[in-house]
Protein chains: 2
Amino acid sequence: MIITILSGGVGGARFARGVREHLRRSLPDAELRIIVNTGDDMWLAGLRITPDLDSVMYTLARANDEERGWGRIGETERASAELNAYGVGWPWFTLGDLDLGTHIARSSFLRDGQTLSQATARITSRWDLGALLIPVTDSEVETHVTVEGGELHFQEWWTRHRARLPALGFVQRGIEGAVATDAALAAIRDADVVLVAPSNPVVSIGTILGIPGIRDALAATAAPIVGVSPIIGGAIVRGMADACLTAIGVETTAPAVAAHYGARSAGGLLDAWLVDTVDASASYDVPTTAVPLWMRDLDTSAQLASDALAAARL
Amino acid sequence: MIITILSGGVGGARFARGVREHLRRSLPDAELRIIVNTGDDMWLAGLRITPDLDSVMYTLARANDEERGWGRIGETERASAELNAYGVGWPWFTLGDLDLGTHIARSSFLRDGQTLSQATARITSRWDLGALLIPVTDSEVETHVTVEGGELHFQEWWTRHRARLPALGFVQRGIEGAVATDAALAAIRDADVVLVAPSNPVVSIGTILGIPGIRDALAATAAPIVGVSPIIGGAIVRGMADACLTAIGVETTAPAVAAHYGARSAGGLLDAWLVDTVDASASYDVPTTAVPLWMRDLDTSAQLASDALAAARL
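Quick look at the structure, then. All chains use their own residue numbering, which begins from 1 and follows the written sequence. Just so you know, chain letters begin at A and ligand numbers begin at 1, following the order they were written in. Reporting in this predicted model follows two pLDDT cut-offs: at least 70 for local features of residues, and 80 or more for side-chain atom pairs to be given and counted; totals over whole chains, interfaces and linings ignore these cut-offs and use all residues. Heavy atoms throughout the structure, all of them, feed into the side-chain values; hydrogens and water do not.

### Observations concerning the relation of the copies chain B and chain A
Superposition of the two copies of the chain requires a rotation about an axis together with a shift along that axis. Turning chain B through 180° and shifting it by 0.0 Å along the axis lays it on chain A, with an RMSD of 0.0 Å. Both chain copies can therefore be described as sitting about a two-fold axis. Considering only C-alpha atoms, the residue of chain B closest to the rotation axis is aspartate 97 of chain B, which sits at 3.3 Å. A shared binding surface is used by both copies, with 100% of the interface residues of chain B retained as interface residues in chain A. The fit set for superposing copies consists of C-alpha atoms from residues with pLDDT of at least 70 in both; the fit itself is least squares. Should any heavy atoms of two residues lie within 4.5 Å, those residues are considered in contact.

### Side note on the pattern of salt bridges
A pair is scored as a salt bridge if a Lys or Arg side-chain nitrogen falls within 4 Å of a carboxyl oxygen belonging to Asp or Glu. Within this structure, the stated rule accounts for 32 salt bridges over all chains. The salt bridge partner of arginine 48 of chain B is glutamate 142 of chain B, with a shortest N-O separation of 3.8 Å. A residue pair is termed long-range when its members are at least 10 positions apart, and arginine 48 of chain B in strand β4 (residues 47-49) and glutamate 142 of chain B in strand β6 (residues 142-147) qualify at 94 residues. Like arginine 48 of chain B, the residue glutamate 142 of chain B is buried in the burial classification. Of the charged contacts, one joins aspartate 65 of chain B and arginine 68 of chain B as a salt bridge, the two residues approaching to 3.8 Å between their closest N and O atoms. What you see here is one network of salt bridges that share partners, running through Arg14, Arg17 and Glu66 of chain A. Helix and strand labels come from DSSP, where a helix needs a run of H or I of at least four residues and a strand needs a run of E of at least two; each type is numbered from the N terminus. A simple rule labels every residue: compare its accessible area, found with a 1.4 Å probe on the protein chains alone, to the largest value its type can have, and call it buried under 20%, exposed over 50%, or partly exposed in between.

### So, the packing of helix α1 (residues 10-26) of chain A against helix α2 (residues 51-60) of chain A
Each pair of packed helices can be summarised by the angle the axes make with each other and by the distance between the axes. Residue and element names in this part refer to chain A. Remark: α1 packs on α2, axes separated minimally by 8 Å, with the N-to-C direction vectors making an angle of 35°. Of the two elements, α1 crosses α2, and the hand of that crossing is right-handed. Of the residues in α2, those in contact with Val10, Ala13, Arg14, Ala16, Arg17 and Arg20 of α1 are Ser55, Val56, Thr59 and Leu60. Classes in brief: Ala, Val, Leu, Ile, Met, Phe, Trp, Tyr, Cys and Pro nonpolar; Asp, Glu, Lys and Arg charged; the others, Gly included, polar. Classifying every residue of the contact of α1 with α2 gives five nonpolar, two polar and three charged. Here, axes are lines fitted to C-alpha atoms. For helices the fit covers the stretch in contact, and angles between N-to-C directions go from 0 to 180 degrees. For any pair of crossing helices, the crossing counts as left-handed if the nearer helix is rotated counterclockwise from the farther one by less than a right angle, and right-handed if it is rotated clockwise.

### Some thoughts on the sheet that holds strand β9 (residues 193-196) of chain A
Hydrogen bonds between backbone atoms are what pair the strands of a sheet, whose relative direction is either parallel or antiparallel. All names here are of chain A. Strand pairing is assigned whenever DSSP identifies at least 2 bridges connecting the two strands. The seven strands are arranged β5-β2-β1-β9-β10-β13-β14 in an open sheet whose pairing can be described as parallel. Where the open sheet ends on each side, the last strands, each with one partner, are β5 (132-135) and β14 (288-290). With direction set aside, neighbouring strand axes in the sheet form an average angle of 20°. When strand β2 (residues 31-36) meets β5, the two strands line up parallel, connected through four bridges. Residue pairing in the sheet places isoleucine 35 in a bridge with isoleucine 134 of β5. Contacts from helix α7 (residues 182-189) reach β1 (2-7), β2, β5 and β9 within the one sheet, and its direction differs from that of β2 by about 130°.

### Topic: unusual backbone geometry
All names here are of chain A. Of note, alanine 45 is a non-glycine position whose phi angle comes to about 55°, a positive value. One can find alanine 45 in the loop between β3 (42-44) and β4 (47-49). Residue classification places alanine 45 among the buried residues on the basis of a relative accessible area of 13%. At arginine 162, a position not held by glycine, the phi torsion is positive, near 50°. Here arginine 162 is to be found in the loop between α6 (154-160) and β8 (167-173).

Put into structure tokens, the structure is as follows:
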């Protein structure tokens, strides 16, 4: 059995860890493939940074900082302080020393002519992830944010301004010419179920869906597609996706995001939609199941994964 | 007054610090320019490493590790351990976290299209050096070592093998097409004295002299050229230059190195040669002065600088 997840960064990573745990407990022969958003990727100080791939990798490797919510556990920022002293990079975007090891290795592989997929395979081979990490595209796609008076790199808007500058829209530079990776298309085609993680519906899942070829693959796959709401009781579970939803005119509610994704039967994305029990009474455009959505720990995350597979009748 | 030094890494850096100290004490209006060897430079893990420029910079910035003899004081190697775990770089060539800040900044400037000279000017502007650091060339020249059965990168021979594999010769790849920097040529032309630091005569000073244009500039300058012996009593003061000298058929003695450099009056490099008092009785091809050469501390280093200027009749 092949389980394929569409995932952004931290929230998707946490969900993926729960799925892996559920599979280990109940479906040890199942194979987990995670198609990861690359729209937050960027070149910074000559290094290729892939925040979502790294969040998923560090989380599955148990090398992530749970408390801070991102990056490596036990991280230090000595090299980054030097870069600041030299006036290189973004002073508000910290590159940890451990994290820099990953960035330097990846950048080195890319400069040797490897694709992001090949570089990711080499980087992830170091860790025992129990999952295949698949960049949605090897093409460079960079999300920018339109604000009053101009356009910012997504990271500048997200990290520097904490998504507080009202976003008027998002531009995924390079997305028209981007090519979905073969591994991403195969992971969708060959899946027994596709799970849409409770990631940012706009800049994470939205970017994955915007890569040419991905929507067609999702429409064509025989696998049921189950989405997990990133919104509980009208609030974002983590991150600042509400600012992104507002920018594209979608309310920050579980039904609104379901409607945004759309029912597959009506040409949309989803066969099923998981919402939290507090959102059970709303009405949905997609067949919906209400279960506890809070991933408090590994057990609740694994239970959510089990519920998602149940919604797919697996 | 302009004092120009030809320098390699650690030994040259220590000498340069003494010259700076002497100038501060006795010639506060003098200007110090240091032409630095770039033959040990290399690309490693996608980063441009310039060991000699960094040794001189860190030493003059008082940011160097005196005890270890190279690199930054208080250094850690967390990113480097990650790189090793990813199988990137050379496990025997450590890149400290603080040092990595310098390498990433420099590489970023170079990739933005700046020359090594421009990148060096930006990197050094952070520190209060009291000297101008000048790469001898902006061209990429890489020293390789011929050993039985093949050729190694200089760093592999020097750092990994501690110069213990018998060297049959040195190849400075790219040196024929290299171009001396304008700043290096000007520093020689406009100097009131040129000091040849007690650096490795083969791979440090030898590489500087091998850059097209440098020999002609040294022959043409009105400044006296004073060399300081890197050998005291038949032994190398620091480093492993004896292995280099042996490879090119030069004995590890003060007179042999003087003969290797040659008297300027006979078409060679030097107008004067400073040796240690223990080497006073030997006979030399170059006008020679015997003074205490050991740079034990700042005072003895400054005294050596004073002696070197005196030998130039300054």
